[in-house]
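Report on the structure
As a plain string of letters, each chain reads:
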Amino acid sequence: MEAGSLPLELWRMILAYLPLPDLGRCSLVCRTWYELILSLDRTRWRQLYLGYTECRHPNWPNQPDVDPESWREAFKQHYLASKMWTKNAAILETSVCFTLFRRRRTRRTLSVGPGHEFHSLGSALAMSSLFDRILLFPGLHEEQGEIILKVPVEIVGHGKLGEVALLASIDQQCSTTRLCNLVFMPAWFSPFMFKTTAGHVQFDNCNFENGHILVHGPGTCQVKFCTFKNTHVFLHNVPLCVLENCEFVGSENNSVTVEGHPSAENNWAYTHLLGLIRSSPSVLPTEDSDSLMSLDLESRDQAWSPRTCGIVIEGSQSPTSPATGSPKAGSQEAEVGSDGERVAWTPDSSDGGLSPSGEDEDEDQLTYRLSYQVQGPQPVLGGSLLGPPLPGASIQLPSCLVLNSLHQELQKDREAMALASSVQGCLIRKCLFRDGKGGVFVCSYGRAKMEGNIFRNLTYAVQCIHNSKIIMLRNHIHHCRASGIFLRLEGGGLIAGNNIYDNAEAGVDIRKKSNPLILCNQIHHGLRSGIVVLGSGKGIIRNNQIFSNKEAGIYILYHGNPVVSRNHIFKGSAAGIAVNENGRGLITANKGCGVWMMSSSLPHVTSNHISYNGLYGVAVFSQKDGSEESPGGHVAQENFGEDWDATLWETELEKDDDLLRRPITAALVESNNVNHNGASGLYVQSSEVLHVITNVIHANGDRGITVAQSSQLTRVANNSISCNHQSGVKVKAQCKVEFRGNGIYDNRGHGIITKGDGTVIENDIIGNRGSGLQLLPTSDTKVIKNRIHSFRAYGIAVQGHAKALLQENTVFQGKTNKTIFQQISNNQECIMQNNKFLVFKKKSDTWRLANPPARPHLENSLRGPSAAHSGQVTAMATRITAHVEGGYHSKRSIFCTVL
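This text gives an overview of the structure that appears in the document.

Analysis parameters
Residues numbered from 1 in each chain as written. Predicted model: local features only at pLDDT ≥ 70, side-chain atom pairs only at ≥ 80, totals over all residues. Heavy atoms only, no water. Helix = DSSP H or I, 4+ residues; strand = E, 2+ residues; numbered from the N terminus. Buried < 20%, exposed > 50% of the residue type's maximum accessible area, 1.4 Å probe, protein only. Contact = heavy atoms within 4.5 Å. Areas by Shrake-Rupley, 256 points an atom, 1.4 Å probe, with all protein chains shown as cover. Patch = residues over 30% accessible without salt bridge, like charges linked within 9 Å, V, L, I, M, F, W, Y side chains within 5 Å. Salt bridge = Lys/Arg side-chain N within 4 Å of Asp/Glu carboxyl O. Arc of directions from axis to C-beta. Pairing = 2+ DSSP bridges. Axes fitted to C-alpha atoms, helices over the stretch in contact; angles between N-to-C directions. Parallel < 35°, antiparallel > 145°, perpendicular 65-115°, else oblique. Nonpolar A, V, L, I, M, F, W, Y, C, P; charged D, E, K, R; others polar. Phe/Tyr/Trp six-rings, centres within 6.5 Å; stacked < 30°, edge-to-face > 60°. Lys NZ or Arg CZ within 6 Å of the ring centre and 35° of its normal.

1. A few points about the overall build of the chain
Helix and strand counts for the chain come out as 12 helices and 74 strands. The 899 residues of the chain split such that 60% are buried. If you take every contact in the chain between residues at least 6 apart in sequence, the share linking residues at least 24 apart comes to 56%. Carbon and sulfur atoms provide 51% of the accessible area of the chain, an area that totals close to 36200 Å².

2. Some thoughts on a nonpolar patch on the surface
Together, Leu6, Leu10, Met13 and Ile14 make up an exposed nonpolar region whose accessible area comes to about 340 Å². In this fold, Leu6 is placed in the segment before α1 (8-15).

3. Re helix α8 (residues 269-279)
Along α8, the residues that are buried comprise Ala269, Tyr270, Leu273, Leu274, Leu276 and Ile277. For α8, the arc enclosing every buried residue in end-on projection is 160°, short of the 170-degree limit, so these residues lie on one face. Those residues of α8 that are exposed and aimed more than 90 degrees away from the buried face are Thr271 and Arg278. On the buried face of α8, the contacting elements are α5 (71-82), β11 (200-204), β14 (220-224), β17 (240-244) and β26 (425-429).

4. Focus: the pairing of β26
Among the five residues in β26, five count as buried, and that is most of the element. Bridge count for β17 against β26 is five bridges, and the pairing is parallel. Each residue of the ladder has a partner; that of Cys241, found in β26, is Cys426. Across four bridges, β26 lies against strand β28 (residues 447-451) in parallel orientation. The partner of Ile428 across the bridge, within β28, is Met450.

5. Focus: the packing of α1 against helix α3 (residues 31-38)
Interhelical geometry of α1 versus α3 gives an angle of 70° and a closest axis separation of 10 Å. One finds that α1 runs roughly perpendicular with respect to α3. Of α3, the residues touching α1 (which contributes Leu8, Trp11, Arg12 and Leu15) are Trp33, Leu36 and Ile37. Among the residues forming the contact of α1 with α3, the class breakdown is six nonpolar, no polar and one charged.

6. Digging into unusual backbone geometry
In this structure, the amide linkage connecting Gly217 to the following residue, Pro218, adopts the cis form with an omega of 5°. Examined against the element boundaries, Pro218 turns out to sit in the loop between β13 (212-216) and β14. For the bond running from Asn851 to Pro852, omega is 5°, close enough to zero to count as cis. Residue position: Pro852 is located in the loop between β72 (846-848) and α12 (858-861). For Ser548, which is not a glycine, the phi torsion comes out positive at approximately 60°. By secondary structure assignment, the location of Ser548 is in the loop between β40 (545-547) and β41 (554-556). One non-glycine residue with positive phi stands out, namely Asn851, at about 55°.

7. Focus: the pairing of strand β8 (residues 176-180)
For β8, a buried count of five out of five residues is recorded, marking the element as mostly surrounded by other parts of the structure. Covered by surrounding structure in β8 are Thr176, Arg178 and Cys180 together with Thr177 and Leu179, the residues of both alternating faces. As paired strands, β8 and β11 are joined by five bridges and run parallel to one another. Residue pairing in the sheet places Arg178 in a bridge with Gln202 of β11.

8. Digging into the packing of aromatic side chains
Taken as a whole, this structure holds 18 aromatic pairs when the rule is applied. Between the aromatic rings of Trp188 and Phe189, the centroid separation amounts to 5.4 Å while the plane-to-plane angle is 85°, which identifies the pairing as edge-to-face. Residue classification places Trp188 among the exposed positions, given a relative accessible area of 62%. Ring geometry for Phe228 and Phe248: centres 4.6 Å apart, planes at 5°, overall stacked. Residue Phe228 is found in strand β15 (residues 227-229), and its partner Phe248 is found in strand β18 (residues 247-249); the two are separated by 20 residues along the sequence. Side by side, Phe228 and Phe248 carry an identical accessibility label, which is buried. The rings of Phe184, Phe194, Phe203, Phe208, Phe228, Phe248, Phe433 and Phe455 are connected pair by pair, giving a single aromatic cluster. Over the ring of Trp60 we find Arg56, and its NZ or CZ is 4.2 Å from the ring centre.

This is a description of form; function is not addressed.
Set out below in structure tokens:
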């Protein structure tokens with residue numbers, strides 16, 4: 001049958017007057033009429049849905065102003081769900097004897113209320129049969145004794161929600177029950193408004209006030225469009241329960257408690273409920289809809305890009321004999337501090353500090369060129385390397401560091417996908433928890449899945465303890481007075497795609513052997529840390545954006561032992577990561593340090609981008625004296641949780657036997673890109689062995705590397721240290737450092753300045769504005785097979801009675817009024833053997849760093865993760881106080897104390 005000659009708009013107007021049964025019949029006439037019925041989605045289907053008293057807006061309570069994709073589909077889903085409680089009716093009817101004489105049973109409607117057939121709910125139930133409908137008319141219905149449901153019935157309030165109030169305590173002892181459009185309040189003799197231990201109960205469009213609801217396995221329940229005011233829902237050993245589109249408000253304790261392992265015994269409703277869940281729209285991400293990671297991330301092909309630089313070398317003075325010359329008085333080129341460190345005062349044409357060949361020079365002087373390549377980072381934040389990131393600039397990352405979407409992460413991680421797809425225990429979907437103490441409490445092997453919920457203005461959102469498992473997908477958790485998500489005592493599960501922000505304590509708090517998988521979340525603007533892992537807490541923290549938190553983005557202490565990888569951590573007021581291991585990601589724009597390593601457990605920091613942080617890029621502290629205080633005389637103290645005292649952890653930690661502990665000989669900072677941080681790129685104040693390998697340390701506001709304390713050996717190998725605002729490296733007295741295979745280029749102070757002991761072997765120290773290598777009194781250094789050049793000062797300067805062995809080095813001449821080598825006093829302990837001094841002879845001379853090419857040789861050094869990465873490292877901090885040198889960061893976080 002065709003629509004005929006009438007316009008489609010007129011047909012829609014005619015069909016819009018039809019009731020629901022007639023619309024269904026018309027859709028079966030032909031395809032044209034079927035499409036006409038579907039086209040009424042925003043008109044007639046919307047009108048039918050909103051006029052249905054048994055349900056509320058499809059996106060209530062979180063998005064009541066947002067229309068569903070299809071009103072017809074929403075109406076269909078709710079209609080099917082409302083009939084689910086009768087699915088076992090056929091099973092019951094088959095048990096009736098003498099089926100030959102059985103007549104079709106009709107459902108009766110029993111009316112309760114003044115002027116109607118029954119005056120009380122109890123009297124109506126006494127006369128009811130299987131699947132009868134009991135209709136409560138407006139008014140207050142109070143039952144003086146406990147009501148026991150022995151046959152399946154449907155209890156419905158007549159009129160608008162709120163007009164029918166039921167004060168009762170109901171005990172369901174039948175297979176199924178449905179309650180709809182009622183206001184429940186507890187009876188005077190019991191706080192339990194409803195309880196069931198075996199059957200299935202369905203609540204639609206009800207309000208619950210000031211009482212309790214209990215469902216015990218193998219019982220099941222389905223709750224939709226209900227409001228719970230100061231009401232506690234207890235779910236014990238439930239195999240499957242569903243809470244959808246509900247509002248929980250004003251709880252004095254937990255709103256929902258899920259306790260006990262799901263019952264192995266399933267009632268009749270389990271299969272039907274599982275099928276209904278799988279057929280309904282899910283909030284699992286798709287490739288097109290996954291938009292939680294909202295920052296504009298643009299991939300780059302190269303994480304390391306070479307830059308070709310030139311050094312202009314001028315003058316014609318032979319440097320073969322030591323000299324004692326010094327810069328002229330009033331010179332603006334450089335100034336020597338009390339410790340011998342040179343601070344450049346020349347105007348800064350670019351923070352990259354490329355070779356000063358573009359500066360104004362005397363044209364009469366001869367010029368010669370030294371060519372080399374510097375391994376440096378590409379831009380990490382919008383703009384360029386010439387300055388700090390522009391406001392609102394997008395993050396631009398190499399392709400290896402761009403965050404995956406949640407859809408991509410689930411596709412490649414089978415374990416995560418299996419967790420995200422599983423349904424067991426309690427499913428809480430599209431609900432609102434607000435203005436109370438607790439949200440969801442999962443304990444004693446309980447299982448709960450939470451999708452698309454909002455938790456706000458609570459003491460905490462979710463607690464998971466005692467071997468329980470939670471699955472949290474795309475929830476919003478904010479303005480909690482304590483931590484947003486709290487796991488302890490071997491809690492675990494999947495926390496993915498959530499937006500966690502503005503919480504008073506940590507966004508996620510992991511303790512006492514809990515081991516969750518934390519993927520693709522945004523954790524930001526917390527009043528403390530983003531994620532805290534302590535008390536033998538574990539977990540995998542991967543692919544998250546953690547930013548704008550007032551304390552560390554990730555804080556690991558007290559035997560905390562997570563695996564942290566591919567996270568973007570930025571704009572924090574303190575450190576990006578405090579005590580981190582196996583980290584890989586972006587740590588940028590924090591007001592404190594990028595990574596603050598305070599542990600004595602030899603943590604590892606590998607393959608991070610650490611940039612634009614207010615203090616150090618990486619700070620390594622391992623002082624255990626406990627007697628020092630902060631520069632201001634105060635000691636900061638952490639308080640992790642309202643109900644736990646720090647002294648309790650001491651006894652618990654003594655009992656822990658960490659099976660994952662393995663022999664580790666050195667802390668490791670490897671393959672990181674550390675640039676544009678406010679203080680030194682790497683600051684070391686440690687009494688442990690430290691390896692600093694294959695890092696790019698570039699354009700930091702102070703030195704590239706500062707070694708302030710190092711009683712054990714600090715090994716610095718195959719790093720590119722360039723364009724930093726003071727010296728490339730500074731080593732203080734009594735420190736032991738080995739430099740091997742590094743490229744130290746274009747820093748605005750000295751290349752290396754040292755008062756300590758150690759070796760400098762096979763490095764390229766080129767183009768620095770101070771001396772290439774300055775050895776100060778108290779130093780004892782072997783300098784072997786290096787290539788050294790300074791544009792403005794000396795190649796090698798030995799001051800006072802420094803002990804030195806200078807052997808087989810190649811030293812290039814600098815400016816005309818400077819020499820290659822400077823020795824302040826007649827030092828018999830400075831031994832020079834087989835060094836090669838190169839001076840220019842004619843204008844066409846070009847010196848090149850070849851055979852071998854310019855260091856570091858990153859292509860040979862950038863290997864896979866170190867062997868030490870194969871396991872996890874236990875990180876423990878006792879009382880530690882760390883001092884930060886210098887007074888020019890007084891308005892930023894400059895110390896950290898852990899008690």
